[in-house]
Amino acid sequence: MQLNNKTIIITGSAGGIGRAIALACVQEGAQALLVDRNEVGLRETNEMLGERSSVHVDDLLDTASANRIVKAAVDRFGVLHGIVNNAALLTRSNIETTTPELLARVFNVNARAPMLLIQAGLKHLTETKGSVLNIGSVNAYCGELPLLAYSMSKGALMTMTRNLGDSLHAEYGIRVNQINPGWVLTDHEFKIKVADGLPEDWPSRISHNIAPSGGLIPPETIASAAVYWLSDHSRPISGTVMDLEQYPVIGRNPVKEVV
């Protein structure tokens, strides 16, 4: 097992990519602290995992949450080997609708909270020569038109990954890497598109310009990659940002359309 007896904190694990990562980590032998503000979804994830996981309900908008989360992991499992910064606010906004309050809220969850959580876990991750995995987005490079604040925050997260991937690896032995997923078919994404007026079968109508494989990326694909970055197999590598998308991101800005 790639993560045998490692303790991993996974934020945003009430569903979607976070839940898939939690399942993959436990299947590979890890113990997981599941973190989210959605207690119902969090407990659903926990029921899938059994005794090797524990629930911690918290709000990443609260700057004190980072210390509470790390304490909960160490109190429950006695050690900390990894942090997955997956939780994010996917808020639609453009240049006209991005208010100062909205921008601050998105940045606080998507960029500030990951930094604070790494900071809070620094001592414990140093002891285990641990690994941090940030879950970003291909929107970090330029972003979709209705995702201005979100895209900006993911750009900040990517810069933090590059910075800490260098400084923490050299000084503390902690690796910091990032995955930038493309369009992932989570339950939440499915419901959003249906609420937008798309038919129930919209995932099967995606243009091949967007999904050359014939379908969107499943959360399990992201989770499999996450296991590698949290495991000792990736130990020499830090500061790497890996795009998991179906087409070249740089120089291409396709519209997410449904046929």
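Residues numbered from 1 in each chain as written. Predicted model: local features only at pLDDT ≥ 70, side-chain atom pairs only at ≥ 80, totals over all residues. Heavy atoms only, no water.

S.K.: I'd love a proper account of the nonpolar core, names of residues and values included.
M.R.: In terms of nonpolar packing, the biggest core is built from 31 residues, with Ile-10, Ile-21 and Ile-179 touching the most fellow members. Listing elements by their share of this core, those giving two or more residues are strand 1 (7-11), helix 1 (16-27), strand 2 (31-36), helix 2 (39-49), strand 5 (131-135) and helix 7 (219-230). Residue contacts for Ile-10: discarding those within four places in its chain leaves Gly-18, Ile-21, Ala-22, Cys-25, Ala-32, Leu-33, Leu-34, Val-35 and Val-84. The next biggest cluster of nonpolar side chains, apart from the first, holds 24 residues, and it includes Ala-66, Ile-83, Ala-87 and Met-160. (Core = buried A, V, L, I, M, F, W, Y, C linked by side-chain atoms within 4.5 Å. Buried < 20%, exposed > 50% of the residue type's maximum accessible area, 1.4 Å probe, protein only. Helix = DSSP H or I, 4+ residues; strand = E, 2+ residues; numbered from the N terminus. Contact = heavy atoms within 4.5 Å.)

S.K.: Lay out the packing of aromatic side chains with the relevant residues and their values.
M.R.: Given two aromatic rings, their pairing is described by the distance between the two centres and the angle made by the two planes. Inspection of every chain in the model, using the stated rule, returns three aromatic pairs. Members of the aromatic cluster, each reached through a chain of ring pairs, are Trp-183, Phe-190 and Trp-202. (Phe/Tyr/Trp six-rings, centres within 6.5 Å; stacked < 30°, edge-to-face > 60°.)

S.K.: Give me the sheet that holds strand 1: which residues, what numbers.
M.R.: Read from one edge of the open sheet, seven strands run 3-2-1-4-5-6-7, paired in parallel fashion. Looking at which strands have only one partner, the edges of the open sheet turn out to be strand 3 (53-57) and strand 7 (241-244). The average undirected angle you get between the axes of adjacent strands in this sheet is 15 degrees. In the packing of helix 4 (residues 100-128) onto the sheet, the strands contacted are strand 1, strand 4 (82-85) and strand 5, and the crossing angle to strand 4 comes to about 175 degrees. Of the strands in this sheet, strand 1, strand 4, strand 5, strand 6 (175-181) and strand 7 touch helix 7, which is tilted by about 170 degrees from strand 6. (Pairing = 2+ DSSP bridges. Axes fitted to C-alpha atoms, helices over the stretch in contact; angles between N-to-C directions.)

S.K.: How would you summarise the packing of helix 3 (residues 65-77) against helix 4 if you had to cite specific residues and measurements?
M.R.: Where helix 3 contacts helix 4, the two axes come as close as 8 Å, and the packing angle between them is 40 degrees. For the pair helix 3 and helix 4, the sense of crossing is right-handed. Judged by residue contacts, Ala-66, Asn-67, Ile-69, Val-70 and Val-74 of helix 3 engage Leu-116, Leu-117, Ala-120, Gly-121 and His-124 from helix 4. Residue composition of the contact of helix 3 with helix 4, by class: seven nonpolar, three polar and no charged. (Left-handed = near helix turned anticlockwise from the far one by under 90°. Nonpolar A, V, L, I, M, F, W, Y, C, P; charged D, E, K, R; others polar.)

S.K.: I'd like to hear about the pattern of salt bridges, residue by residue, with values.
M.R.: Across all of its chains, the model carries 11 salt bridges by this definition. A salt bridge links Asp-62 to Arg-68, with the shortest nitrogen-to-oxygen separation between them at 2.8 Å. A relative accessible area of 34% means that Arg-68 is categorised as partly exposed. Linking Asp-232 and Arg-235 is a salt bridge whose minimum nitrogen-to-oxygen distance equals 2.9 Å. Classification of Arg-235 by relative accessible area gives partly exposed; the value is 28%. Each of Lys-6, Asp-232 and Arg-235 takes part in a single network of salt bridges with overlapping partners. (Salt bridge = Lys/Arg side-chain N within 4 Å of Asp/Glu carboxyl O.)

S.K.: Outline helix 5 (residues 148-172), listing residues and values.
M.R.: Here helix 5 spans 34 Å end to end across 25 residues, near enough to the 36 Å set by a 1.5 Å rise per residue. Of all the bends in helix 5, the greatest measures close to 30 degrees and is centred on Leu-164. Positive phi appears at Gly-173, one or two residues downstream of helix 5, with a value of about 75 degrees. (Expected span 1.5 Å × (residues − 1). Bend = angle between axes of the 7 residues up to and from the residue.)

S.K.: Outline the packing of helix 1 against helix 7, supporting the account with residue identities and numerical values.
M.R.: In contact at an axis separation of 8 Å, helix 1 and helix 7 are set at 50 degrees when each is read in the N-to-C sense. When the interaxial angle is binned, helix 1 and helix 7 end up oblique. Crossing of helix 1 against helix 7: the hand is right-handed. Residues Gly-16, Ile-17, Ala-20, Ile-21, Ala-24 and Cys-25 of helix 1 touch helix 7, and the partners they reach there are Pro-219, Glu-220, Ile-222, Ala-223, Ala-226, Val-227 and Leu-230. Along the lines of polarity and charge, the residues of the contact of helix 1 with helix 7 split into 11 nonpolar, one polar and one charged. (Parallel < 35°, antiparallel > 145°, perpendicular 65-115°, else oblique.)

S.K.: Account for unusual backbone geometry, naming residues and giving values.
M.R.: Located in the positive-phi region is Asn-5, a residue other than glycine, with phi close to 65 degrees. Although it is not a glycine, Lys-129 sits at a positive phi angle of roughly 50 degrees.

S.K.: I'd like to hear about helix 7, residue by residue, with values.
M.R.: Helix length check: helix 7 (12 residues) gives 17 Å between terminal C-alpha atoms against 16 Å at 1.5 Å per residue, within 8%. Within the sequence span of helix 7, burial applies to Pro-219, Ile-222, Ala-223, Ala-225, Ala-226, Val-227, Trp-229 and Leu-230. Considering only its buried residues, helix 7 is in contact with strand 1, helix 1, strand 4, strand 5, strand 6 and strand 7.

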